[in-house]
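# Architecture and fold: a report
Residue-level listing of the chains:
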Amino acid sequence: MYKIKSVIFALLIFTIPVTASCILFVPVENQEKVVLTTDRSIYIVGEQVHFVATLTNGNVSNSTGQSQILYCEIIAPDGNKIADSKFLISNATASGCIDIPDNLLTGIYYLRGYTKLMRNYGPQYYGYRLIRIVNPARGELLSTENNQHSSSQKMELVPAAVQAGILVSADKTLYAPREIISLTLQDDNNGTSGIRSLSLSVVPENTDSTIFTIKATEKLANPKMDYYPESHGLSISGKLTEAASLVPVKDKIVNLSIIGEGRDFMAVRTDSTGKFFFALPDYTGSRDLFLCAEKTDSTKLKIWVDNDFCTLPVHIPTPAFSLSETERESVLNMALNVQINSHFYTDTVKVKQIANIEKTAFYGKSTNVIYIDKYIQLPSLEEYFNELPSEVRVRKRKGESRIVVLGAREVSLYDPLVLVDWVAVDEPSKVLAVLPQNILRIEVLNEDYVKGGQTYGGIVSIISKKGDFAGIDLPSTGIFINFHFLDEKNCKEMVYDHVPQHPDTRNTLLWKPGITLGKGTTQKFELTAPDTPGIYNVVVEGVDLNGEVFSTSGIFEVKK
């Protein structure tokens, strides 16, 4: 305990007068905008930033926007990315949390939010929120000297109007540890019919925020539309070019396979500029993807995949880090709580249970399954196809082998989709070269199948015994990507619904986004007073239909 106190006070000696934290919001007329609200403004390394993002497009009559995916990051003022994640936007809002790494230097950082469509505008039009992060184990400060007067992104810090439309109060002003606190929210305006988002947080004194905005100093010119709106969920995009000349290749099929859990396959054709776009399922966690282009006779092709997060440089005009005397006291208590919490593993977050993803193939139930080990070992896969009643045959076309599926008609007008461990392989010679002893089973669908606008004359899906693609030489244009889908954590609430048996070390006592408060109505919330004595702020923040932020607050004290 003593060591952490000493380091903190050694660090705080060198701080300068208080600098309020900020909500950074960049308006662009009639374009998508993101407004970010966090549970508090000061954090200790190892904690989580809980947030709610509100999406608007500056049009009151159509304020839900087009996008359904939020890209959220913690960045340094020079744009260096610290952490990132993706969240589903529902009813024009997204909420969640991002972990703060343990190794950060003490300093000013930014929570940044944007949609893929907003990437056409540039980083100066994203949504930002300034947060201060303290690392009690390190005495160095993150430098912001080069960013204090930066104008490279044509951004400037300006104060935002603050108006209270909600009254918030506690049933008492003084509580003992573990005592039940009752909070009341009362509408003092026109109800939340005029509010896009409303959130409630209870945090230590001086760790909430004074509201500011960052605005672009120039109007948006005609953006270069490189990115499509993700109006139906996650997506991945890129370009197909000739490998040597980098000339875009149009009207060619690009295949995408999702490997492992949630396995799937899809195919699209490149447009006139060689670009392709895949709409992905809303899975959580990480999956391996394999992309490859259809075979060409001679030209070697190369697939370029767009980075799912923005990589453009940014230099945000940032004040020097500072803490007031009262903030220093709050930070010390918060750091002690984090240290104690690491020993007791306090669980203050209700984690969403991830549903099991259906393990059946994307094409449903197959019409026939061949289990290789049930038959006498044959020297080649071609003999299994031609000798067994499998509905799959190998034919010759201009001296080259061709795999066909027999259906209602003897041969379909279309070539079948041939998969090896869910990766499409359109070179029959490679498939037929697979050793039969490496194959577990072959699933066959003996009817025409439409997927992603492409029609196939049935499906032949080869499943290997070891999940190693049966040793096949995968298409040379193919690339593997470890793709991060949606964030797995659900951090909508931070509140004890019972009295804990171990030390109560919460730094955020309560965090509730998505509150609805009707005109002239009230809502009550209960929480348990923490073990840490001190003054606590009850903060309500909202975003109206025009994207403007308002807030109101109240206080109470916990005393032993």
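Anyway, here's the lowdown on the structure attached to this text. Treat the numbers as computed from the prediction; the structure is a model and nothing was measured.

### Structural notes on the layout of surface pockets
- Of the voids in this model, the largest pocket is the one considered here, and its volume is about 1,000 Å³.
- Around the largest pocket sit 28 residues that line it, and Arg397, Asp415, Asp426, Glu427 and Pro428 are the ones nearest its centre.
- Broken down by element, the residue count for the lining of the largest pocket peaks at four residues, all from strand S24 (residues 400–405).
- Residue composition of the lining of the largest pocket, grouped by class: twelve nonpolar, five polar and eleven charged.

### Structural notes on the sheet that holds strand S13 (residues 180–187)
- Read from one edge to the other, the open sheet built from three strands follows the order S11-S13-S33, with strand pairing classed as antiparallel. Each having just a single partner strand, strand S11 (166–170) and strand S33 (522–528) make up the two edges of the open sheet. Strand-to-strand twist of the sheet, defined as the mean angle between neighbouring strand axes without regard to direction, takes the value 20 degrees.
- Bridging between S13 and S33 involves seven bridges; their strand directions are antiparallel. Looking at the pairing, Leu185 lines up with Gln523 of S33.

### So, the pattern of salt bridges
- For the structure on display, the rule yields 23 salt bridges.
- For Arg129, the salt bridge is made with Glu541, and the minimal N-O distance between the two is 3.3 Å. Here the residue Arg129 occupies a position in strand S9 (residues 127–134), and Glu541 occupies one in strand S34 (residues 534–544), the gap between them amounting to 412 residues.
- Its relative accessible area of 1% is what places Arg129 among the buried residues.
- Residue classification places Glu541 among the buried positions, given a relative accessible area of 5%.

### Notes on unusual backbone geometry
- Even without glycine at this site, Asn91 takes up a positive phi of about 55 degrees.
- Of note in the backbone geometry, Asp251 takes a positive phi value of approximately 55 degrees without being a glycine.

Cut-offs and rules
- Residues numbered from 1 in each chain as written.
- Predicted model: local features only at pLDDT ≥ 70, side-chain atom pairs only at ≥ 80, totals over all residues.
- Heavy atoms only, no water.
- 1 Å grid on protein atoms, 1.4 Å probe; cavity = no way out; pocket = protein on both sides within 12 Å on 5 of 7 lines; lining within 4 Å.
- Points joined across faces, edges and corners; volume = space filled by probe spheres on them.
- Helix = DSSP H or I, 4+ residues; strand = E, 2+ residues; numbered from the N terminus.
- Nonpolar A, V, L, I, M, F, W, Y, C, P; charged D, E, K, R; others polar.
- Pairing = 2+ DSSP bridges.
- Axes fitted to C-alpha atoms, helices over the stretch in contact; angles between N-to-C directions.
- Salt bridge = Lys/Arg side-chain N within 4 Å of Asp/Glu carboxyl O.
- Buried < 20%, exposed > 50% of the residue type's maximum accessible area, 1.4 Å probe, protein only.

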